[in-house]
Amino acid sequence: MTAATVEGQNANLNPFFIAQRQCDAAARYLPQLDPGLLEFLKRPDKLITVEFPIATTSGEVRNFVGYRCLHSRIRGPGKGGIRYHPDVTPDEVRALASWMTWKCAVVNVPFGGAKGGVVCDPKSLSSEDLKHITRRFIAELDNNIGPYTDIPAPDVNTNAQIMALVYDTYHMMHPGQNNLGVVTGKPVHIGGSLGRREATSRGGLFATLRALERSTVGGTGDLTGLRVAIQGFGNVGGLAATLFHEAGARIVAVSDSRGGIARPDGLDPAAVHAHKIDTGSVLGLGGCTDITNEDVLATECDILIPAALENQLRGDNASVVKATMVVELANGPTTPEADAIFVDRGIVVLPDILANAGGVTVSYYEWVQNNKNEQWTEAEVNAKLQDAMGRATDCVLDKQRAVNDGLDAIQAARVERGVPEAPLGPIDLRTAAFIVAIERVAHVALDRGIWP
Ligand code: NAD
């Protein structure tokens, strides 16, 4: 794909363009990878567009556009969330679906990648409107989702209650069989897994702790006393504040779409949650200073956690970051230009396809429980998650070391294959994670064979 073919004015901020650049960066270190296979792996299998009306509670008929992208089913059924946001675009959905494929491979759960979204502003819609949008969207997707083909989950502005509606709508259309596995992130009393609500944030905590134990960032082996700033105080960012605080970190700043708050001595996450429920925002909490979202990114801290949307850390603002480690709980928060600045400045980025993989990991556990009609204890789920995130983090850290120690051999293999390019430099953790993922997906693709 070239810049001329991507949508939007600034190709550098097109998430699908970025996702493809990330694959290309990793593929340079995989000299045996067939270029045609790489091209296939970079592109989604299909993108469905649906358009539908709903009768809103304000008495008008409004029309909506929704998308579902299946990127890959090479390693298992497609898996990925549903997002409700005014900025949803086909290329955003394509990018998010492809990141799901790579994420599932990094954490080694047997799913492929998918993602969906409806272009809408939930803040301007009633809960009844959102219910109708959900039911109609799922009905329009018809058999493009299913427990063994493509399995949705929550994402930005969707939650367990919406997943209950996804399940119910699909079940109404496919009665007489166990359909619980068609969607994950459901309420616990409707087949949801204990621990799923916290799983993305808890998985990020486990990955961070493992990276610290392995001295990925100098001078510290655990979170005790480390200062953490979090952008986004929703499902993922809000629970990350609670869990990182419980693990001994000091939460010095948080933000939501309206702005942020700071307290260098440390915020009490429980008070922030209560204030957000009362007022709809984190702004204005007593004892804290109101700041802008840009200020949150520039906060004096050890760990910065983007947990909102894509493209928050870019070439034009990466230099303001003061953290030594960025833990990407959002999908796609960092552009390649910002990555390059972080490498130059020695800032370690735990990439999204590793750091936020806890959500899909426990979604997989939910799907297994649904298929077996079981309910595991929260302790069992968390122990499995800890093990999975520890192994995935080790794998990515080990891959980085192996590649950087073996650059001469990789370069020699490239020359042998006649690749006319500049010598390879050392890789960061994002490229290491992509190498792990592409190797795993390509291995399965080749062993299954290119159909027919
Ligand atoms: P959410 O809707 O619950 O929360 C999003 C939060 O971001 C809200 O607090 C919102 O106010 C805030 N926000 C939006 N725009 C912002 C901005 N410009 N600056 C600061 N804050 C802003 O969504 P979520 O489920 O917490 O998802 C957050 C991120 O995590 C997304 O990138 C999502 O794809 C990713 N993610 C979510 C899951 C999951 O299980 N929910 C799993 C993996 C990755």
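Computed from a predicted structure; not experimentally measured.

Across the protein, pLDDT averages 96, with 97% of residues at or above 70. Across residues 1-9, where pLDDT falls below 50, the model places 16 contacts with residues more than four positions away in sequence or in other chains.

Direction vectors running N to C along helix α13 (residues 378-405) and helix α15 (residues 429-448) enclose 100 degrees, while the axes themselves pass 8 Å from each other. Of the possible angle classes, the one that applies to α13 and α15 is roughly perpendicular. Side by side, α13 and α15 meet where Cys-395, Val-396, Leu-397, Lys-399, Gln-400 and Val-403 of the first sit next to Leu-429, Ala-432, Ala-433, Ile-435, Val-436, Glu-439 and Arg-440 of the second. The class makeup of the residues in the contact of α13 with α15 is 9 nonpolar, 1 polar and 3 charged.

Where charged atoms from two side chains of opposite charge come close, those side chains can pair. Here the structure, examined in full by the defined rule, presents 28 salt bridges. For Asp-155, the salt bridge identified is with Lys-115, shortest N-O distance 3.1 Å. Here Asp-155 is found in the loop between β6 (150-151) and α5 (160-173), whereas its partner Lys-115 is found in strand β5 (residues 113-119), with 40 residues between them in sequence. Considered together, Asp-155 and Lys-115 belong to a single accessibility category, that of buried residues. Three or more residues joined by partner-sharing salt bridges are found here, namely Arg-83, Glu-92, Lys-115, Asp-155 and Glu-310.

So, on to empty space enclosed by the protein. Taking a probe equal in size to a water molecule and rolling it over the atoms shows the remaining empty space. Enumeration over the complete set of coordinates arrives at 1 cavity of 30 Å³ or more. By volume, the largest cavity amounts to about 40 Å³. What lines the largest cavity is Phe-40, Leu-41, Arg-43, Asp-45, His-71, Ser-72, Ile-74, Thr-101, Trp-102 and Val-441. For the lining of the largest cavity, the secondary structure elements donating two or more residues are α2 (35-42), β2 (61-72) and α3 (90-106).

Our focus in this paragraph is the nonpolar core. The biggest cluster of nonpolar side chains holds 90 residues, and the ones touching the most others in it are Trp-99, Trp-102, Ile-230, Phe-244, Val-254, Ile-305 and Leu-350. Considering each element in turn, this core owes the most residues, 10 residues, to α15. Of the residues that make up this core, three or more belong to each of domain 1 (44-179) and domain 2 (199-356). When neighbours within four sequence positions are excluded, Trp-99 is seen to be in contact with Pro-15, Ile-18, Ala-19, Gln-22, Glu-310, Asn-331, Gly-332, Asp-352, Ile-353 and Phe-434. Ranked by size, the runner-up nonpolar core spans 24 residues in total, among them Tyr-84, Met-163, Tyr-170 and Val-182.

This part covers the pairing of strand β4 (residues 82-85). Along β4, one buried face is formed by Ile-82 and Tyr-84 and the opposite face, lined by Arg-83 and His-85, is buried too. Bridge analysis of β4 against β5 gives 4 bridges, and the strand direction is parallel. From the neighbouring strand, Arg-83 faces β5, where its bridge partner is Gly-117. Chirality of the crossover, the property in question, places the unit of β4, α3 and β5 among those that are right-handed.

The subject of this paragraph is the site of the ligand. Taken together, 25 residues surround the ligand, and among them Asp-155, Asn-157, Asn-235, Val-236 and Asn-331 come closest. For the ligand, a nitrogen atom lies 2.9 Å from a polar atom in the side chain of Asn-293. For the ligand, whose accessible area on its own is 820 Å², the fraction buried by protein is 87%. Mapped onto the shell around the ligand, the elements with two or more residues apiece are α6 (196-213), α7 (235-246) and β8 (250-256). Taken together, the residues that form the shell around the ligand break down as 9 nonpolar, 12 polar and 4 charged. In terms of domain composition, the shell around the ligand takes at least three residues from each of domain 1 (44-179) and domain 2 (199-356).

Moving on to helix α1 (residues 15-27). Its 13 residues give α1 an end-to-end C-alpha distance of 18 Å, which sits within 8% of 18 Å, the value for a rise of 1.5 Å per residue. Counting buried residues along α1, 10 of its 13 residues qualify, which places the element largely inside the surrounding structure. Taken together, the buried positions of α1 are occupied by Pro-15, Phe-16, Phe-17, Ile-18, Ala-19, Gln-20, Gln-22, Cys-23, Ala-26 and Ala-27. Where α1 is buried, its residues touch α2, α3, α10 (336-345) and α15.

The next subject is α13. Here α13 spans 40 Å end to end across 28 residues, near enough to the 40 Å set by a 1.5 Å rise per residue. When α13 is considered as a whole, its buried residues turn out to be Val-381, Asn-382, Leu-385, Ala-388, Met-389, Gly-390, Ala-392, Thr-393, Asp-394, Val-396, Leu-397 and Val-403. For α13, the secondary structure elements touched by its buried residues are α3, α6, α11 (352-355), α12 (358-372), α14 (407-416) and α15.

Turning next to the environment of His-132. Inspection of the secondary structure puts His-132 in helix α4 (residues 127-141). Linking His-132 and Thr-56, residues 76 residues apart in sequence, is a C-alpha distance of 8.4 Å. Aside from chain neighbours lying at most four places away, what touches His-132 is Ile-54 and Ala-55.

Direction vectors running N to C along α6 and α12 enclose 145 degrees, while the axes themselves pass 7 Å from each other. Crossing angle aside, the handedness with which α6 passes α12 is right-handed. Of the residues in α12, those touching α6 at Arg-196, Ala-199, Thr-200 and Gly-203 are Gly-358, Gly-359, Val-362, Ser-363 and Glu-366.

Here we take up the environment of Ala-412. Tracing the backbone through its elements, the reader meets Ala-412 in helix α14. On the basis of relative accessible area, Ala-412 is assigned to the partly exposed category, the value being 43%. As for Ala-412 and Ala-241, which are separated by 171 residues in sequence, their C-alpha atoms are 46 Å apart.

Before going further, it helps to examine the pairing of β2. Here strand β1 (residues 46-55) runs beside β2; their pairing, made up of 10 bridges, is antiparallel. Following the sheet pairing, Thr-49 is matched in β2 by Tyr-67. By the bridge criterion, 6 bridges tie β2 to β5 in an arrangement that is antiparallel. When the bridges of β5 are listed, Ser-72 appears paired with Gly-113.

Rules used in this analysis
- Residues numbered from 1 in each chain as written.
- Predicted model: local features only at pLDDT ≥ 70, side-chain atom pairs only at ≥ 80, totals over all residues.
- Heavy atoms only, no water.
- pLDDT = per-residue confidence, 0-100.
- Contact = heavy atoms within 4.5 Å.
- Axes fitted to C-alpha atoms, helices over the stretch in contact; angles between N-to-C directions.
- Helix = DSSP H or I, 4+ residues; strand = E, 2+ residues; numbered from the N terminus.
- Parallel < 35°, antiparallel > 145°, perpendicular 65-115°, else oblique.
- Nonpolar A, V, L, I, M, F, W, Y, C, P; charged D, E, K, R; others polar.
- Salt bridge = Lys/Arg side-chain N within 4 Å of Asp/Glu carboxyl O.
- Buried < 20%, exposed > 50% of the residue type's maximum accessible area, 1.4 Å probe, protein only.
- 1 Å grid on protein atoms, 1.4 Å probe; cavity = no way out; pocket = protein on both sides within 12 Å on 5 of 7 lines; lining within 4 Å.
- Points joined across faces, edges and corners; volume = space filled by probe spheres on them.
- Core = buried A, V, L, I, M, F, W, Y, C linked by side-chain atoms within 4.5 Å.
- Domains from an automatic or database assignment.
- Pairing = 2+ DSSP bridges.
- Right-handed = clockwise from strand over helix to strand, strands pointing away.
- Near = heavy atom within 4 Å.
- Polar contact = N/O pair within 3.5 Å; in protein donor to acceptor, adjacent residues only side chain to side chain.
- Areas by Shrake-Rupley, 256 points an atom, 1.4 Å probe, with all protein chains shown as cover.
- Expected span 1.5 Å × (residues − 1).
- Left-handed = near helix turned anticlockwise from the far one by under 90°.

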